[in-house]
Amino acid sequence: MESKGLYGKKYLDIQERKREIASPDENHVIVKVHACGVCGTDINFVKDWEEDFMPLGHEIAAEVIETGKNVKNVKAGDSVIVEDCTMCGVCRDCKSGHPEFCRNMYNMEDQPGMGQYLSVNFNCLNRFDGIDYVSASLTEPLAVSLTSVLNAEIPLGGSVIVLGPGPLGLMSAKVARLQGAGFVGITGLPGDNPREKARLDLAEKWGFDLVLETGKNDIEGEVKKIFPDGVDRVIVSSPPESLYDAFKIIHFGGIITFYGLHFGGKNVIRADINDMIFRKITLKPTFAEPAINFPVAINLLKEGLLPAGDIITHTFGFGEARETMEAVIEGSQPIVKAVMLPGK
Ligand SMILES: [Zn+2]
Ligand SMILES: [Zn+2]
């Protein structure tokens, strides 16, 4: 069958391409994509990626169309989340009970999630029910946020500051509350454009204990008014340079977990190692590849513990892909998260 999908590179050079999808071999499954979220990675590709076109989209909620003969975990008509990186289950790390360290993963085989159909290995699929496709497409980013919260090992009733109010940061803050944090604050860029304002508004709606705008507020000063010795945990979803704020507000013995990437030199920061040692600070990166926490993320969505409808503010079809991504980059619309619907 023929499938249309989106590819992109710098700057907002977005192409629709058609490709042929063969009948599935014994271990593959053909799925029809119903919804695929726009990730920061996709935005990076269409904003900064200078080499060849990259397939766009990996936050996928889909329906099983056809299965290979060895496939037993799903059948035609099932609703599934497609994992973009799945542990192999047979390598030394997987067999030692550490699938999170697997480097021998199943992947999407260079197909764009923002497309009509995909052919993927059956290992990549999680069945779900009781959630609409658009909400379910939040599973992958929610699993990343959830992983950051689990990495933070939040003490019951403890204090947490999340740096960065993008979809991942907002969800980290929300899940931190579910995980037993007593105080949750979030910081973000000033709400000077519709995009940033929408994010700060959602932080207020979700009732976090502190919402601060960088530049307009003195982050360290404001946090230390409430916690003179700093907070128990800091989760950094914003770019690496925000770690400087994290160092200033973390309590003795605290954990800082971070997943905000940057490229082109801004990935390098300077840190005072003596300070880390003398204050017993743990720095813990969060990298949710391979997929680990998808089933729990699905459950959070199904139980309504993470209201997907608050995060997903926009949907769009093939024809509006370019203008939507442009709006995300420029901040010209109140978009928290946009989701592509190939059938729209
Ligand atoms: Zn993503
Ligand atoms: Zn493995």
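Residues numbered from 1 in each chain as written. Chains lettered and ligands numbered in written order. Predicted model: local features only at pLDDT ≥ 70, side-chain atom pairs only at ≥ 80, totals over all residues. Heavy atoms only, no water.

A. Summary view of the coordination of the zinc ion (ligand 1). Around the zinc ion (ligand 1), the protein contributes the donor atoms Cys39 (SG), His58 (NE2) and Glu59 (OE), at 2.2 to 2.6 Å from the metal centre. Accessibility expressed as a relative area gives 13% for histidine 58, which makes it buried. Residue glutamate 59 is classed as buried on the basis of its relative accessible area of 1%. (Donors = N, O, S within 2.8 Å, 3.2 Å for Na, K, Ca; no water. Buried < 20%, exposed > 50% of the residue type's maximum accessible area, 1.4 Å probe, protein only.)

B. Just the coordination of the zinc ion (ligand 2), in detail. Taken together, Cys88 (SG), Cys91 (SG), Cys94 (SG) and Cys102 (SG) make up the full set of protein donors to the zinc ion (ligand 2), lying 2.3 to 2.4 Å away. Sequence spacing of the donors to the zinc ion (ligand 2): C-x2-C-x2-C-x7-C. Overall, cysteine 88 belongs to the buried group, its relative accessible area being 9%.

C. Local environment of the pairing of strand β3 (residues 28–37). Within β3, eight of the ten residues are buried, which leaves the element mostly enclosed by the surrounding structure. In the sheet, β3 pairs with strand β9 (residues 117–121) via five bridges, with the strands oriented antiparallel. Residue pairing across strands places valine 29 opposite valine 120, the latter belonging to β9. Two elements, β3 and strand β5 (residues 59–67), share eight bridges in a ladder whose sense is antiparallel. Bridge assignment links alanine 35 to a residue of β5, and that residue is alanine 61. (Helix = DSSP H or I, 4+ residues; strand = E, 2+ residues; numbered from the N terminus. Pairing = 2+ DSSP bridges.)

D. Spotlight on the packing of helix α4 (residues 139–152) against helix α10 (residues 294–302). Taken N-terminus to C-terminus, the directions of α4 and α10 make an angle of 110 degrees; their axes are 8 Å apart at the nearest point. Considering the angle they form, α4 stands roughly perpendicular to α10. On the side of α4, the interface is formed by Thr139, Glu140, Leu142, Ala143 and Leu146, while α10 contributes Phe294, Val296, Ala297, Ile298, Leu300 and Leu301. Partitioning the contact of α4 with α10 into residue classes produces nine nonpolar, one polar and one charged. (Axes fitted to C-alpha atoms, helices over the stretch in contact; angles between N-to-C directions. Parallel < 35°, antiparallel > 145°, perpendicular 65-115°, else oblique. Contact = heavy atoms within 4.5 Å. Nonpolar A, V, L, I, M, F, W, Y, C, P; charged D, E, K, R; others polar.)

E. Looking closely at the sheet that holds strand β1 (residues 2–9). Sheet architecture is open: three strands sit in the order β2-β1-β4, paired in antiparallel fashion. A strand with exactly one partner marks an edge of an open sheet, and here the two such strands are β2 (13–20) and β4 (54–55). Pairing geometry for β1 and β4, over two bridges, is antiparallel. Note that in β4 the partner of tyrosine 7 across the bridge is proline 55. Each of β1, β2 and β4 touches helix α1 (residues 40–48); the most contacted strand, β1, lies at about 65 degrees to it.

F. Highlighting the packing of aromatic side chains. Applying the stated criterion across every chain yields a total of four aromatic pairs. Ring geometry for phenylalanine 45 against tryptophan 49: centres 5.7 Å apart, planes inclined by 75 degrees, an arrangement best described as edge-to-face. By relative accessible area, which is 15% here, phenylalanine 45 ends up buried. Above the face of the phenylalanine 318 ring, lysine 4 is positioned so that its terminal group lies 4.3 Å from the ring centre. Positioned above the aromatic ring of tryptophan 206, the side-chain terminus of lysine 174 is 5.0 Å from the ring centre. (Phe/Tyr/Trp six-rings, centres within 6.5 Å; stacked < 30°, edge-to-face > 60°. Lys NZ or Arg CZ within 6 Å of the ring centre and 35° of its normal.)

G. How the structure looks around the packing of α4 against helix α5 (residues 167–178). Remark: α4 packs on α5, axes separated minimally by 8 Å, with the N-to-C direction vectors making an angle of 55 degrees. Classified by the interaxial angle, the pair formed by α4 and α5 is oblique. Judged by the twist between their axes, the crossing of α4 over α5 is right-handed. Contacts between α4 and α5 involve Pro141, Leu142, Val144, Ser145, Leu146, Ser148 and Val149 from the first element and Leu168, Met171, Ser172, Val175 and Ala176 from the second. (Left-handed = near helix turned anticlockwise from the far one by under 90°.)

Note that every value here comes from positions in space, so none of it alone points to a role or purpose.
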